[in-house]
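# Architecture at a glance
If you want the building blocks of each chain, they are given just below.
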Amino acid sequence: MHSAAPEDSALVNTVDAGCFALARQPQEAPGPAGRTLEGEDLERWRRRFGPFLKHIRKKRVVLALSGGGLAFPCHVSTLRVLELLKVPLSAVYGTSAGAVIGGLYAAGLSTGDLERTMLAIESPEELFGFAARFPALRLVSAEIVRKLRGATFESLGIYDLSTVEQFVERILVEYVGRVPTLGELEVDFSCIAYDIGTGERRPGKPEMTRKKVFSTRRTPDVRLSDAIAASMSIPGILTPKKINGRHYIDGGPVEHLPISTAHDDWASGGLFRKKVVTIGVDLGYGGEALTIEHLANPVDLILYTNSVQSRTITQYNLLRCHSPRRGHTVVLVRPKTMHIGLADIEKIPLAIRSAYVETVEQLAGPGFLRQTEAEIAKTQSLLGRSSL
């Protein structure tokens, strides 16, 4: 593991992580990167989560994974904790970065497979192409291409989305043997994108933009890599994704944390027929201010701005969706991710470990709804309301 800054080391060591071991299955023997527990030691560790496990008993549990740029490996840590707690997942929802991890998991990759894949990333060029650490150079080269070939939706971005999409496809081929369609996934999966139209002028018939949900049930014939690419096309940073003549961008501007889509699926009765708990993993910045150390390049400021907007949407969605009396609960988990920028590949091991530790800390004990209640209280304050 790469060395950590003092404040990062303090974060990692705030609680006893228990069963954590980088890139290893829980049942494997301890290795130099971490340790695992078994037998009575493992059962003693699980008892720390008694209130949470009691809350989800006899309910369907779904997982909602937010956007978060290069912090997407943090989602693997939550999957690791839920796996150790033997929490069965009925469905997975993802937006942007969450669509990557959620989609790969739904296709059959284990948490060990996901950890190994994340730790194997050696350079931002693997995800974003040449000169990934130099967005100014990318902007100049993109402008030259637009001047020579003309502007298209497919050219509107600092980085080419196809590089990230090829990365996802390589992982799927390596672990699954092919790129499946959404209808072929092992776990019910949905990801959020935004439909910005065909890009063609239609006099007298303007196109309407809209939120788009790609899912196992709604769009079973769409390839998984296409759906993931559509969900993670961050506006201005990655080029839009074209599917069946229409263009899609990142779903973050409309649903950064897809708890609303999960709630609506439950409310419609189309997927869930009893009480549901949505575990929402939010990799947003949580209202904290940036410092110059967090700005590796201008792209990080764009991601921060998007996160500020997204948090407001998430707060209002929580207020609407967290309805325990009506049968739908949202358990919000919020790992700190400000220490990892878009090009900070070397921080991935630390991000995985710190997210694991914070997930343990937030779900263990009677305060597992603390994050949810705090966000709802802030939203009520904004609305001038004292109760739901």
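Everything below is about the structure shown above.
Just so you know, these numbers come straight off a predicted model, no measurement behind them.

Criteria and thresholds
- Residues numbered from 1 in each chain as written.
- Predicted model: local features only at pLDDT ≥ 70, side-chain atom pairs only at ≥ 80, totals over all residues.
- Heavy atoms only, no water.
- Helix = DSSP H or I, 4+ residues; strand = E, 2+ residues; numbered from the N terminus.
- Polar contact = N/O pair within 3.5 Å; in protein donor to acceptor, adjacent residues only side chain to side chain.
- Phe/Tyr/Trp six-rings, centres within 6.5 Å; stacked < 30°, edge-to-face > 60°.
- Buried < 20%, exposed > 50% of the residue type's maximum accessible area, 1.4 Å probe, protein only.
- Lys NZ or Arg CZ within 6 Å of the ring centre and 35° of its normal.
- Arc of directions from axis to C-beta.
- Contact = heavy atoms within 4.5 Å.
- Axes fitted to C-alpha atoms, helices over the stretch in contact; angles between N-to-C directions.
- Parallel < 35°, antiparallel > 145°, perpendicular 65-115°, else oblique.
- Left-handed = near helix turned anticlockwise from the far one by under 90°.
- Nonpolar A, V, L, I, M, F, W, Y, C, P; charged D, E, K, R; others polar.
- Salt bridge = Lys/Arg side-chain N within 4 Å of Asp/Glu carboxyl O.

### Details of the environment of Ser 90
Within the secondary structure, Ser 90 is located in the loop between α4 (74-84) and β2 (91-95). With 186 residues separating them along the chain, Ser 90 and Val 276 place their C-alpha atoms 9.5 Å apart. In terms of polar contacts, Ser 90 uses its side chain to reach the side chain of Arg 60, at 3.5 Å.

### So, the packing of aromatic side chains
Following the criterion strictly, the structure yields 3 aromatic pairs and no others. With a centroid separation of 4.8 Å and 55° between ring planes, the pair formed by Trp 45 and Phe 49 is classed as tilted. A single burial state applies to Trp 45 and to Phe 49, both of which are buried. For the pair Phe 214 and Tyr 248, a centre-to-centre distance of 5.2 Å together with 70° between the ring planes defines the contact as edge-to-face. Of the two residues, Phe 214 is situated in strand β5 (residues 210-215) and Tyr 248 in strand β8 (residues 246-250); the sequence distance between them amounts to 34 residues. Accessibility classification places Phe 214 together with Tyr 248 in one group, the buried group. The ring of Phe 214 has Lys 212 sitting right over it, with the charged end atom 5.5 Å from the ring centre.

### A word on unusual backbone geometry
If you check the backbone angles, Lys 58 has positive phi at about 60° while not being a glycine. Along the chain, Lys 58 falls in the loop between α3 (50-56) and β1 (60-65). Despite not being glycine, Asn 244 has its phi angle at roughly 50°, a positive value. When its relative accessible area of 75% is taken as the criterion, Asn 244 is described as exposed.

### So, helix α2 (residues 39-47)
Listed as buried for α2 are Leu 42, Trp 45 and Arg 46. For α2, the angular spread of buried residues about the axis comes to 100°, placing them on one side. Close packing links the buried residues of α2 with α3, α4 and α14 (348-363).

### A look at the packing of helix α9 (residues 161-175) against helix α10 (residues 224-231)
Packing of α9 against α10 leaves a shortest axis separation of 10 Å and a crossing angle of 140°. Between α9 and α10, the angle is such that the two are oblique. Handedness of the crossing formed by α9 with α10: right-handed. Counting all contacts with α9, which are made through Leu 161, Glu 165, Val 168, Glu 169 and Leu 172, the residues of α10 involved are Leu 224, Ser 225, Asp 226, Ile 228 and Ala 229. Looking at the contact of α9 with α10, its residues break down into 6 nonpolar, 1 polar and 3 charged.

### So, the environment of Val 281
Residue placement: Val 281 occurs in strand β9 (residues 276-281). For Val 281, a relative accessible area of 0% puts it in the buried group. Non-local contacts of Val 281, meaning those with residues more than four positions away in its chain, are made with Leu 63, Ala 64, Leu 65, Ser 66, His 75, Thr 78, Leu 257, Val 333 and Pro 335.

### Let's talk about the pattern of salt bridges
Going through the model one piece at a time under the given rule, you end up with 22 salt bridges. Asp 264 is the partner of Arg 320 in a salt bridge, and the nearest nitrogen-oxygen pair spans 3.2 Å. On the criterion of sequence distance, the pair formed by Arg 320 in helix α13 (residues 298-321) and Asp 264 in helix α12 (residues 259-268) is long-range, its members being 56 residues apart. Given a relative accessible area of 34%, Asp 264 falls into the partly exposed group.

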